[in-house]
Amino acid sequence: MPQVLTDIDLTPRNTLGLAARAAHYAEITEVSDLTALRADTQLAVMPWRLLGGGSNLVLPEVVEGLTLRVALLGRRIVGEDEQAVYVAAGGGENWHDFVQWTLAQGLAGLENLSLIPGTVGAAPIQNIGAYGVEVKDTLFELTAYALADGERRVFRNADCRFAYRDSIFKQGEAGRWLIGEVVFRLPKAVTLHTVYGDIEAELGAAALPRTPQGVAQAVINVRRRKLPDPAVIGNAGSFFKNPIVLAAQRDALLAEHPALVSYPAGEGRCKLAAGWLIEQAGWKGRRLGPVGMYERQALVLVNHGGAVRNDVAALTQAVQAEVQQRFGVALEAEPVWW
Ligand code: EPU
């Protein structure tokens, strides 16, 4: 049975660095820990919440119930066929370390997702993505355990209902499953994804080789330049999703704002660069109380020190209201709010 601690400071456990305390807290290092915790009649009736790397979360000042940090570790090559190698990692593994480990094994496919904060188990929940690649592109299957009764279920890629920054684990099944292990299918034929402008430019500027390792280094360089390091300034990466609108709405906006940045997003739809909208609305580098939108990437909300959930809520609403008023576009926050 894992040790259950009370009144634990979660400030260092969320990358936004919001002041927050957990009423009860335990770390899951083995799947059987769930069964042991459920057998405790007091704990069993509390609400349970799962914490990974805390990099996509907005925490309240007091988290009631039991907060479980997923610390299931391990990574291994589990199989191979003619086309691909299959690798598995525990839900508690650090995502970036896992990506670098696959590269060190000579495996490719995850290099564009280097340096994304968080854990392997959290990656499928919001289908993390960057520079033209998403977790859904290589995720083969995952094994999850129901918090309510310990049921073990394997979700194949299609079962996860992946979409842009979304999956079944953020929708209908939200909060119900502990993701214990994730299996990736990494193709043996290497396809580098360098169409994303910043990456192509960085490969050239830094004279990096056109290999998976070279692309990983280019991604790391670009991210370090553009995105604040949570260890230095609290943040949760992109704070809003890039909104998807009808092509007709994009065309109308474009007529008024010729510099509008957008990308195709399936039939008749376009994705708008939320960072551009927020910058045009005057929020880049602007503060509201102890929080603000980052000076080098307007899509990133930063904690300048001492912020709590209400400060984040106030800024979220202010930015949403201004973008709505200026462009008639609704911005949706990306993190999960507890
Ligand atoms: N832009 C501005 N002003 C800004 C920020 C961006 O005008 O302050 C414009 C840029 O000039 C560019 C466009 O917006 O033309 C896109 O910017 P960027 O390349 O920085 O990417 P993004 O759309 O803002 C998305 C992801 C990032 C991911 C990058 C690279 C979302 C919500 N965010 O950001 O993911 O790293 O693309 O693929 O989809 C994250 O989710 O936490 C994250 C960092």
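By convention here, each chain's residues receive numbers from 1 onward along its written sequence. Totals for whole chains, interfaces and linings use all residues, but because this is a predicted model, local features are given only for residues with pLDDT of at least 70 and pairs of side-chain atoms are given and counted only at 80 or more. Computation of side-chain values: all heavy atoms of the structure, hydrogens and water removed.

**Student:** Account for the pairing of strand S2 (residues 21-28), naming residues and giving values.
**Tutor:** As judged from the 4 bridges shared by strand S1 (residues 5-9) and S2, these two strands associate in the antiparallel manner. By the bridge assignment for S2, Leu-5 is matched with Tyr-25. When DSSP finds at least two bridges between two strands, those strands are taken to pair. We count a stretch as a helix when DSSP gives it H or I for four or more residues in a row; a strand needs E for two or more, and each element gets its number in order from the N terminus.

**Student:** Outline the domain arrangement of the protein chain, supporting the account with residue identities and numerical values.
**Tutor:** Accessible area lost upon the coming together of the parts serves often as the stated size of an interface. Each assigned domain of the protein chain is listed with its residue range as follows: domain 1 (5-70), domain 2 (75-187) and domain 3 (234-337). For domain 1 versus domain 3, the distance between C-alpha centres works out to 30 Å. The contact criterion used is simple: two residues touch if any of their non-hydrogen atoms lie within 4.5 Å. Each partner contributes residues to the interface: domain 1 has 12 residues there, and domain 3 has 14 residues. By definition, the buried area sums, over both parts, the 1.4 Å-probe accessible area that each loses when the two are put together. When domain 1 packs against domain 3, close to 1,100 Å² is buried across both sides, 58% of that on carbon and sulfur atoms. The largest contributions to the domain 1 side of the interface with domain 3 come from Leu-16, Asn-56 and Val-58, which together make up 54% of the buried area. Here, a salt bridge means any Lys or Arg side-chain nitrogen found within 4 Å of an Asp or Glu carboxyl oxygen. Where domain 1 meets domain 3, there are 0 salt bridges. Counted as a polar contact is a pair of N or O atoms within 3.5 Å, where, for protein atoms, one must be capable of donating a hydrogen and the other of accepting one, and residues adjacent in sequence contribute only when both atoms are in side chains. Our enumeration of links across domain 1 and domain 3 arrives at 6 residue pairs in polar contact (both at pLDDT 80 or more). In this classification, Asp, Glu, Lys and Arg are treated as charged, Ala, Val, Leu, Ile, Met, Phe, Trp, Tyr, Cys and Pro as nonpolar, and every other residue, Gly included, as polar. Residues of the side of domain 1 that touches domain 3, tallied by class, amount to 7 nonpolar, 4 polar and 1 charged. Domain start and stop positions are those given by an automatic or database domain assignment.

**Student:** Provide a residue-level description of the sheet that holds strand S17 (residues 287-288), including the pertinent values.
**Tutor:** Backbone hydrogen bonds hold the strands of a sheet together, and the pairing may be parallel or antiparallel. Pairing is antiparallel across the open sheet formed by 4 strands, whose spatial order is S13-S19-S18-S17. Of all the strands in the sheet, the pair left with one neighbour each is strand S13 (234-238) and S17. Judged from the 3 bridges that link them, strand S18 (residues 291-293) and strand S19 (residues 300-303) form a sheet pairing that is antiparallel. Of the residues in S19, the one forming a bridge with Met-293 is Leu-301. Only the stretch in contact is used when a helix axis is fitted, and all axes are lines through C-alpha atoms; the angle between N-to-C directions ranges over 0 to 180 degrees. With respect to the sheet, helix H8 (residues 309-327) is in contact with S17, S18 and S19, its orientation differing from that of S18 by roughly 30°.

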